[in-house]
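Chain residues, written in single-letter form:
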Amino acid sequence: MEKIYSEEKNACRLTKVSSETIRFLLDYSRSLRVIDYKGFKFEAGLN
Amino acid sequence: MKLEIDDSVLVRDYISGDEKALEILINRHNQRITSFIYSKVLDRDITEDIFQDTFIKVIKTLKRGSYSEEGKFLPWVMRIAHNLIIDHFRKNKRMPKFEGSDDFNIFAVIGDDKLNAERQIIKDQIDSDLGVLIEELPEDQKEVLVMRIYRDMSFKEISENTGVSINTALGRMRYALINLRKIINKHNIVLTS
């Protein structure tokens, strides 16, 4: 049934990204650590 | 009166470890950036993806300490988004995406290059008609045409096999085609499907 509505939903203009996307970005930011070692920068994802 | 903290202050706070500052920045500019991306790509899912990739770049740059405060935060983020939009279109040019809809026809995407039954019959008919016409050509021209078209030989190979120069073989091929067209015109034959 949900397919019937999918096209109309997609036709709507998107003005703000979803809260899931924002949540993902904030979680990503919290998990990312950049380690500086002798001038080299390493990225580390903390799960 | 609502007091708004300046972007540059939030960026500095974020760099020094205040994760909340990032949330404020994202929420503050969510609408501007989303509308900008959507106005270019006109697709909700792609907009979400590009927005996400944009902020992943922002987060990485800020955390690595590579952000210079020369410009303003929003124009900088918009520039990243703009570059990612260009990347998206470049990528899609190489690998076109199929726009699905309710009347989605899978054969429009994965259609094979074989002819359908009707076109195959027409092609066979044309081939056999052409075979009859070729028989009408003078022997030397017919020989060159058959070697070139049906046996896929190069003019060098044809010249070696027939014992004539390449130029002569080329000339015979040319006359073979001219004469074929003459025969077709003379008898009002229509070979196209």
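Preceding this paragraph is the structure being described.
This section reports on the structure supplied with the text. (Residues numbered from 1 in each chain as written. Chains lettered and ligands numbered in written order. Predicted model: local features only at pLDDT ≥ 70, side-chain atom pairs only at ≥ 80, totals over all residues. Heavy atoms only, no water.)

1. Details of the pairing of strand E1 (residues 32-37) of chain A
- In the sheet, E1(A) pairs with strand E2 (residues 40-45) of chain A via six bridges, with the strands oriented antiparallel. Across the sheet, residue Tyr37(A) finds its bridge partner in E2(A), namely Phe40(A). (Pairing = 2+ DSSP bridges. Helix = DSSP H or I, 4+ residues; strand = E, 2+ residues; numbered from the N terminus.)

2. Quick word on a nonpolar patch on the surface
All names here are of chain A.
- Where nonpolar side chains cluster on the molecular surface, the patch consists of Ile-35, Tyr-37, Phe-40 and Phe-42 and spans about 460 Å² of accessible area.
- Taken together, the elements giving at least two residues each to the nonpolar patch come down to E1 and E2.
- Locating Tyr-37 in the fold gives a position in strand E1.
- With a relative accessible area of 49%, Tyr-37 lands in the partly exposed category. (Patch = residues over 30% accessible without salt bridge, like charges linked within 9 Å, V, L, I, M, F, W, Y side chains within 5 Å. Areas by Shrake-Rupley, 256 points an atom, 1.4 Å probe, with all protein chains shown as cover. Salt bridge = Lys/Arg side-chain N within 4 Å of Asp/Glu carboxyl O. Buried < 20%, exposed > 50% of the residue type's maximum accessible area, 1.4 Å probe, protein only.)

3. Remarks on helix H2 (residues 19-31) of chain A
- If you check H2(A), its first and last C-alpha atoms are 18 Å apart, about what 13 residues at 1.5 Å a residue would give, namely 18 Å.
- Looking at the packing, one finds that the buried side of H2(A) touches E1 and E2 of chain A together with helix H1 (7-15), helix H2 (19-41) and helix H3 (44-64) of chain B. (Expected span 1.5 Å × (residues − 1). Contact = heavy atoms within 4.5 Å.)

4. Points about the interface of chain A and chain B
- Each side of the interface is counted separately: chain A has 24 residues, and chain B has 24 residues.
- A combined buried area of about 2,600 Å² lies between chain A and chain B, and 56% of that area is made up of carbon and sulfur atoms.
- Counting across the chain A and chain B interface gives zero salt bridges.
- Between chain A and chain B we count eight residue pairs in polar contact (both at pLDDT 80 or more) in total.
- Secondary-structure elements contributing two or more residues to the side of chain A that touches chain B are helix H1 (2-11), H2, E1 and E2 of chain A.
- For the side of chain A that touches chain B, the element with the most residues is H2(A), which contributes eight residues.
- Of the residues assigned to the side of chain A that touches chain B, the class counts are 11 nonpolar, five polar and eight charged. (Buried area = accessible area lost by both parts, 1.4 Å probe. Polar contact = N/O pair within 3.5 Å; in protein donor to acceptor, adjacent residues only side chain to side chain. Nonpolar A, V, L, I, M, F, W, Y, C, P; charged D, E, K, R; others polar.)

5. Focus: unusual backbone geometry
Residue and element names in this part refer to chain B.
- With phi around 50 degrees, Leu-42 is a residue other than glycine that occupies positive phi space.
- By the element assignment, Leu-42 lies in the loop between H2 and H3.
- With relative accessibility at 60%, the residue Leu-42 sits in the exposed group.
- The phi dihedral of Asp-152 falls on the positive side, at around 55 degrees, and the residue is not glycine.

Such coordinate-based values are descriptive only and should not be taken to indicate function.
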